[in-house]
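Spelled out from the first residue to the last, the chains are:
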Number of protein chains: 2
Amino acid sequence: MAGEAVSAFVPGHVTGFFAVHDGETPMTTGSVGGGITLADGVTVTVRAGERETYLDDTSAPIAPVERIREVLDLDATVLVESALPPGCGFGVSGAATLGTALAAAESFDLEYSENELISLAHGAEVRAGTGLGDVVAQAHGGMVLRTEPGAPGEGELDGISARETVEYLAMDELSTADVLDGDTDALSEFGQQSLQIVQSEPTVETFMRASRRFAREAELLTQPVIEAIQEANEAGGDAAMAMLGETVFCLGTGLTDAGYDAERTEIDPAGASLCR
Amino acid sequence: MAGEAVSAFVPGHVTGFFAVHDGETPMTTGSVGGGITLADGVTVTVRAGERETYLDDTSAPIAPVERIREVLDLDATVLVESALPPGCGFGVSGAATLGTALAAAESFDLEYSENELISLAHGAEVRAGTGLGDVVAQAHGGMVLRTEPGAPGEGELDGISARETVEYLAMDELSTADVLDGDTDALSEFGQQSLQIVQSEPTVETFMRASRRFAREAELLTQPVIEAIQEANEAGGDAAMAMLGETVFCLGTGLTDAGYDAERTEIDPAGASLCR
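Residue indices begin from 1 for each chain and proceed along its sequence in written order. Both sets of labels track the order of writing: A upward for chains, 1 upward for ligands. In view of the model being predicted, local features appear only for residues whose pLDDT reaches at least 70, and side-chain atom pairs are presented and counted only at 80 or more, with totals across whole chains, interfaces and linings using the full set of residues. Side-chain numbers come from the whole structure's heavy atoms, not from hydrogens or water.

1. Considerations on the sheet that holds strand 10 (residues 245-251) of chain A
Residues and elements named next belong to chain A. With antiparallel pairing, four strands are arranged side by side in an open sheet as 9-10-8-11. The open sheet has two edge strands, strand 9 (238-242) and strand 11 (263-266), and neither has a second partner. For this sheet the average axis-to-axis angle between neighbouring strands, irrespective of direction, equals 30°. The sheet contact formed by strand 8 (residues 165-173) and strand 10 spans seven bridges and is antiparallel. When the sheet's bridge partners are listed, Asp 172 is paired in strand 10 with Glu 246. Here a residue-residue contact requires only that any non-hydrogen atoms of the pair lie within 4.5 Å. Under this scheme, a helix contributes an axis fitted over its contacting stretch, all axes are lines through C-alpha atoms, and angles between N-to-C directions fall in the 0 to 180 degree range. Elements are defined by DSSP. Helices are runs of H or I of four residues or more, strands are runs of E of two residues or more, and each kind is numbered from the N terminus. Those strands touched by helix 7 (residues 204-217) are strand 9 and strand 10, and its axis lies near 45° from that of strand 9. Between any two strands, pairing holds if DSSP finds at least two bridges.

2. Quick notes on the pattern of salt bridges
Should a side-chain nitrogen of Lys or Arg be within 4 Å of a carboxyl oxygen of Asp or Glu, the pair is scored as a salt bridge. Scanning all chains against the criterion turns up 20 salt bridges over all chains. We note a salt bridge from Arg69(B) to Glu66(B), for which the minimum N-O separation is 2.5 Å. Of the two residues, Arg69(B) and Glu66(B) are both situated in helix 1 (residues 63-72); the distance of three residues between them amounts to about one turn of the helix. Between Arg212(B) and Asp238(B) there is a salt bridge; the shortest N-O distance is 2.7 Å. Of this pair, Arg212(B) sits in helix 7 (residues 204-217) while Asp238(B) is found in strand 9 (residues 238-242), placing the two residues 26 residues apart along the sequence. On the basis of relative accessible area, Asp238(B) is assigned to the buried category, the value being 17%. Put simply, Glu4(A), Glu106(A) and Arg163(B) are held in one network by salt bridges that share partners. To sort residues, take the accessible area from a 1.4 Å probe on protein chains only and compare it with the maximum for the residue type: under 20% means buried, over 50% means exposed, and anything in between is partly exposed.

3. Observations regarding the confidence of the model for chain A
Detailed conclusions should not be drawn from predicted coordinates in areas where pLDDT is low. Of all residues in chain A, 99% have pLDDT values of 70 or greater, and the mean over the chain is 95. Here the prediction assigns the complex a pTM of 0.95, and the interface score ipTM is 0.93. Scored between 0 and 100, pLDDT is the confidence that the predictor attaches to each residue.

4. Comments concerning the pairing of strand 2 (residues 30-48) of chain B
Residues and elements named next belong to chain B. For strand 2, a buried count of 14 out of 19 residues is recorded, marking the element as mostly surrounded by other parts of the structure. The sheet contact formed by strand 1 (residues 6-21) and strand 2 spans 15 bridges and is antiparallel. Considered in strand 2, the bridge of Val 14 is made with Ile 36. Across four bridges, strand 2 lies against strand 6 (residues 143-148) in antiparallel orientation. Paired with Gly 33 across the two strands is Arg 146, which belongs to strand 6. Strand direction decides the pairing type here: strand 2 and strand 5 (residues 76-82), joined by seven bridges, are antiparallel. When the sheet's bridge partners are listed, Thr 43 is paired in strand 5 with Glu 81.

5. Things to note about the interface of chain B and chain A
Reports often express the size of an interface as the amount of accessible area lost when the parts come together. The interface is formed by 30 residues belonging to chain B together with 30 residues belonging to chain A. A simple way to read buried area is as the amount of 1.4 Å-probe accessible surface that goes missing from two parts once joined, with both sides added. Considering only the side of chain B, the residues that lose the most area to chain A are Glu114(B), Arg163(B) and Arg276(B), jointly responsible for 27% of the buried surface there. At the junction of chain B with chain A, the criterion picks out six salt bridges. The partner of Arg163(B) in a salt bridge is Glu106(A), and the shortest N-O contact between them spans 3.8 Å. The definition of a polar contact used here is a pair of N or O atoms within 3.5 Å, where within protein one atom must be able to donate a hydrogen and the other to accept one, and adjacent residues in sequence count solely through side-chain atom pairs. Where chain B touches chain A, the interface holds 15 residue pairs in polar contact (both at pLDDT 80 or more). Secondary structure elements with two or more residues in the side of chain B that touches chain A: helix 2 (92-107), helix 3 (114-128), strand 7 (156-160) and strand 12 (273-274) of chain B.

6. Brief notes about unusual backbone geometry
Leu244(A) follows Met243(A) through a cis peptide bond whose omega is 5°. We note that Glu219(A) has phi near 55°; this positive angle belongs to a residue other than glycine. Structurally, Glu219(A) is set in the loop between helix 7 and helix 8 (223-234). Phi is positive for Asp56(B), close to 45°, though the residue is something other than glycine.

7. A short note on the relation of the copies chain B and chain A
Superposing chain B onto chain A requires a rotation of 180° together with a translation of 0.0 Å along the rotation axis, leaving an RMSD of 0.0 Å. Such a turn and shift between the copies fits a two-fold axis. Of every C-alpha in chain B, the one belonging to Ala270(B) sits nearest the axis of rotation, 2.0 Å from it. Taken together, the interface assignments show that 100% of the residues at the interface of chain B recur at the interface of chain A, consistent with an identical surface on both copies. The least-squares superposition of copies is restricted to C-alpha atoms, and to residues with a pLDDT of at least 70 in both copies.

8. Some points on the packing of aromatic side chains
Residues and elements named next belong to chain B. Centre distance within 6.5 Å is the pairing criterion for rings of Phe, Tyr and Trp, where only the six-membered ring of Trp is used; planes under 30 degrees apart are then read as stacked, over 60 as edge-to-face, and the remainder as tilted. The final tally for this structure, using the stated rule, is six aromatic pairs over all chains. Each ring, one from Phe 17 and one from Phe 207, has its centre 5.4 Å from the other, and the planes form 55°; the classification is tilted. Residue Phe 17 is found in strand 1, and its partner Phe 207 is found in helix 7; the two are separated by 190 residues along the sequence. Here Phe 17 matches Phe 207 in class, with each residue buried.

9. A short note on the state of the cysteines
All names here are of chain B. Any two cysteine sulfur atoms within 2.5 Å of one another count as a disulfide. Taken as a whole and judged by the stated rule, the model has zero disulfides over all chains. Distance from the sulfur of Cys 250, which forms no disulfide, to the nearest cysteine sulfur (Cys 88) is 17 Å. On the accessibility criterion, Cys 250 (0% relative accessible area) is buried.

10. Some details on the environment of Ala104(A)
All names here are of chain A. You can see Ala 104 is positioned in helix 2 (residues 92-107). Under the relative-accessibility criterion, Ala 104 is labelled buried at 3%. For the pair Ala 104 and Gly 3, spaced 101 residues apart in sequence, the C-alpha to C-alpha distance is 8.2 Å. Filtering out sequence-adjacent residues up to four positions away, Ala 104 remains in contact with Val 46, Leu 72, Leu 74 and Leu 110.

Structure representation (structure tokens):
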């Protein structure tokens, strides 16, 4: 029945390094870089109803989600449940957007392929200014390298096979807009270098080292982040900063071993999918 | 420790329709078409040891697996456990090959990206003549459209979001080599048409209809397959023939509802990954 409640799960996504690419269209605009998708993520339920969006039971419009509903012209209610805090670099808006596209297409029997739905969500994020590369990584899953920017058909992805516990600690928000509205040329130069380093030696260790290098060179580190990374690594973890939040992510259990009250999850191997 | 036992899971893959593409190299050779990955699949364990391959505890060389071990030059034992019968159109050789590449890279700390490992496995299958498109679909997961042929970077994939129970019934083997060694021009013409139909209307129902149409036009149906498809569909299922085996796959429970002793699984949403 068209309009029945359908849910989709989309993993969270922490970016370790990135470079901004302004294309001619939202489909060719995006970022290259590297990130890790998390088994902690966002579940989105779409069903026929008022055109409203709820984030964890509170009515809360999410710009790119509203855009999806508008483009598809659906009388649908969107319920977003997030295991991750918004604004801290976990790709919550991208997850909500991609989840809305996937669940809406299934609920309303729309004739869109997966790449078309991912493109729709990527474009909505770019237009809303809420993200540049989360959606394509979240659709893919795993430890993701975004080697060419943009939506499916334009961008290209690769990955590094990894089976790891991941801990994360969200200390405060950072405004994506504030950073991206500034001059991003230097930042993007460092991001491109980090990507090249990881592509030439695609291992988990190199990925994390390149992420730390990026945060340092792009001068995005804050004192609490520096301390948490250092202590987690001294405790045997492998930690870096999530772009863009005052957030630390760590492979292994270094954050809790160092005494931090961090959350624990694992790398999501699957990417976004409809819930059964 | 390099050489420790590492396992990877790779979903099975039934192809509904396909067209052969002979490229200049194994990387550009492959097929376009459509298939479904299955939560029933193959688990491959690689560890340091004699250069032997075991299929469900029996020593059994698998040509593309041997090729992977040779190319990587590893003193490694490969243990393949399959929930699916070989030779019946479930992509068991592709799964064994991709699983070997993924697990070997992790076990021996090799510096290969995911796309590089998928390419390695795709190339080994093409050279061994055991498959043309299973590996890339199995890496992706879901209901997969292979829209451009070849390894990652050459080929392109799309998908159709689907959350479905799948039943399958393997009645007999069909020789992939016998079919592919014949004149495949007409078959490929039909496969290309089926792909276009599904791309213009990417829904689960169209996918299955295009698969039935392909098997009929390519004259690959056998009497037992025709009967099983018809009876499963009359029982409310949505069935087609797996390329290339005397095998029927069915969305929903139509095969068992029609009285067949079929296996039941679901669409694999994740694609191949290392086991934790």
